[in-house]
Amino acid sequence: MHRPSTSGPGPAIARRGRGGPVAGGTGPRKRPRLRDRLWARIVAALLGVFLIVVGWSVGHALTMPGGGSVSERLAEWARGHYLGPVVTLGEWLTYQAPKKGGKPSFALTAPSAQAAAAKRQKDAAADKFAALYGPPAALKSLAGKPLAGEGVWRVLSSVNGTPAIYGTYLRASSVYSSYVSGIASMNQRLLKFQLRPGSEDPGPGHWKASPVIAPGTRRGLEATFNSGFKINVSGGGFYLNGATSGTLAKGEASVVYYKDGHIAIGTWDQTVRMTPDVVGVRQNLHPIVVNGKIPGSVDNNVTTQWGATLGGGYYVWRSGMGITRDGRVIFVYGPALNVRELAQLLKSAGVVTGMQLDINPDWMSFESYTPGHHPNNPTPKNLLPTQMQPATRYYSPSSRDFTAVYAR
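Everything quoted here is computed from the prediction, not taken from an experiment.

Scoring rules and cut-offs
- Residues numbered from 1 in each chain as written.
- Predicted model: local features only at pLDDT ≥ 70, side-chain atom pairs only at ≥ 80, totals over all residues.
- Heavy atoms only, no water.
- Core = buried A, V, L, I, M, F, W, Y, C linked by side-chain atoms within 4.5 Å.
- Buried < 20%, exposed > 50% of the residue type's maximum accessible area, 1.4 Å probe, protein only.
- Contact = heavy atoms within 4.5 Å.
- Helix = DSSP H or I, 4+ residues; strand = E, 2+ residues; numbered from the N terminus.
- Pairing = 2+ DSSP bridges.
- Axes fitted to C-alpha atoms, helices over the stretch in contact; angles between N-to-C directions.
- 1 Å grid on protein atoms, 1.4 Å probe; cavity = no way out; pocket = protein on both sides within 12 Å on 5 of 7 lines; lining within 4 Å.
- Points joined across faces, edges and corners; volume = space filled by probe spheres on them.
- Nonpolar A, V, L, I, M, F, W, Y, C, P; charged D, E, K, R; others polar.

Caption draft 1: Highlighting the nonpolar core. The biggest cluster of nonpolar side chains holds 41 residues, and the ones touching the most others in it are Ile165, Met186, Leu191, Phe193, Met321 and Phe366. Discounting residues that sit within four places of it in the chain, Met186 has contacts with Ala164, Ile165, Leu191, Phe193, Phe225, Arg328, Val329, Phe331, Phe366 and Val405. By size, the runner-up hydrophobic cluster in this structure holds 25 residues, among which are Tyr166, Ala172, Phe229 and Ile294.

Below, the structure written as structure tokens:
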């Protein structure tokens, strides 16, 4: 009987021996070695720990007190964890330039809900100190033909019946004519200025000051406003009551707070410096108004030298402050501003030395306070109705440092 040969040409018969090769296959399956399984578990455990730590860190950034939208808090968290280039790229791709032309979304006839300030102005006019504490000269619009009320000062706050803080609205551009900035003028002869720490920046420390305007400390409160960049990117430092965060840097724009409650603004170790009377110093970048003039540096490296902006755009919310020749303190803030326009607004209000503060909408605000029938708990009002932060912002702990202004 003829049987087919098991060798030579013809179809192969698949056979599997002990540990032997399988015809047409890739070999026997091998069980993972103990060492491989151990390393896999270690990697998985480390990844789990990493995700827990990152989740806790992000959660803390999102839930900390003091304002900021979810997107801005995430962006700040990422910038603080070496992901700045990724954030900048994402913002650049989603940036929307401000619209051209148009009119403001609100009337410029009253920078506070209390347009009844006219009566107080009239009363002050009869006061023997009216010339000393009277309103600054009206401002000319930088957008061409002024709108009704534009550049006209109104009383935001008074001390013993005498106007101490005036406010007005001004447009900075004839191109982006629908955007309005708020300007406040504060008389140091009637006011005291205090630097307050933030709960996150500069964070816990021996500051001997609170990050919140708490009940029992509100009597005589006249105004509050934001400070500068996060200290680690401000180019300088923060000093308060003997404690320091960062390093006070020579040549940086600085707000200096003194024991008697007045402030000075200048260039550190040039026009202002440390003395026994100094209780606080807040530095932020370089001056944008010097001796009443705007230096050419305001046009250089706008998105790097003057701050990482949302979307990497030149035209964003910006704030700044300065001091006039007669010692008034000027605060300016508003949307769709480049650095030069911010400087021009300060200069138009009489500033001889000025600096940029914070940028982006969630980090800036200006509030004035009206005692009414409750002097121990005055009612706050926003200067700009378009600002994102509520008027009660500093009645809760603030994550960033700020300035509180009290009556003398």
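Caption draft 2: Inspection of unusual backbone geometry at higher detail. Residue Asp201 is joined to Pro202 through a cis peptide bond whose omega torsion reads 10°. Topologically, Pro202 is positioned in the loop between β4 (191-196) and β5 (221-226). One non-glycine residue, Asn291, lies in positive phi territory at about 55°. Turning to its location among the elements, Asn291 is positioned in the loop between β11 (287-290) and α6 (302-305). Owing to a relative accessible area of 65%, Asn291 belongs among the exposed residues under this scheme. Here Ala336, not a glycine, exhibits a phi torsion of approximately 55°, which is positive. Considering the arrangement of structural elements, one finds Ala336 in strand β13 (residues 329-337).

Caption draft 3: Quick look at the sheet that holds strand β7 (residues 243-246). If you walk across this open sheet you meet the 5 strands as β7-β6-β10-β8-β9, and the pairing is antiparallel. The open sheet is flanked by β7 and β9 (263-267), the only strands paired with a single partner. When the angles between neighbouring strand axes are averaged without regard to direction, this sheet yields 20°.

Caption draft 4: Region of the structure containing the sheet that holds strand β14 (residues 351-359). Read across the sheet, 7 strands follow the order β1-β2-β3-β13-β12-β14-β11 without closing on themselves; strand pairing throughout is antiparallel. Across the chains shown, the open sheet's two edge strands, defined by having one partner strand only, are β1 (154-159) and β11. On average, each strand axis in the sheet is inclined to that of its neighbour by 20°, with strand direction left out of account. Two elements, strand β3 (residues 181-186) and β13, share 5 bridges in a ladder whose sense is antiparallel. Across the sheet, residue Met186 finds its bridge partner in β13, namely Val329. Along the sheet face, helix α7 (residues 339-348) touches β2 (162-170), β3, β11, β12 (316-324), β13 and β14 and points at about 145° away from the line of β13.

Caption draft 5: Quick look at empty space enclosed by the protein. One pass over the full model with this rule turns up 4 cavities of 30 Å³ or more. Taken as a whole, the largest cavity holds about 50 Å³ of empty space. Together, Ala172, Ser173, Tyr176, Tyr179, Ser181, Pro335, Ala336, Leu337 and Glu341 line the largest cavity. At 3 residues, the largest contribution of residues to the lining of the largest cavity is made by β13. Residues of the lining of the largest cavity, tallied by class, amount to 6 nonpolar, 2 polar and 1 charged.

Caption draft 6: Summary view of the side chain of Ser181. Within the secondary structure layout, Ser181 lies in strand β3. Those residues in contact with Ser181 that sit more than four places away from it in its chain are Thr168, Tyr169, Leu170, Tyr333, Gly334, Leu337, Leu345 and Leu384.

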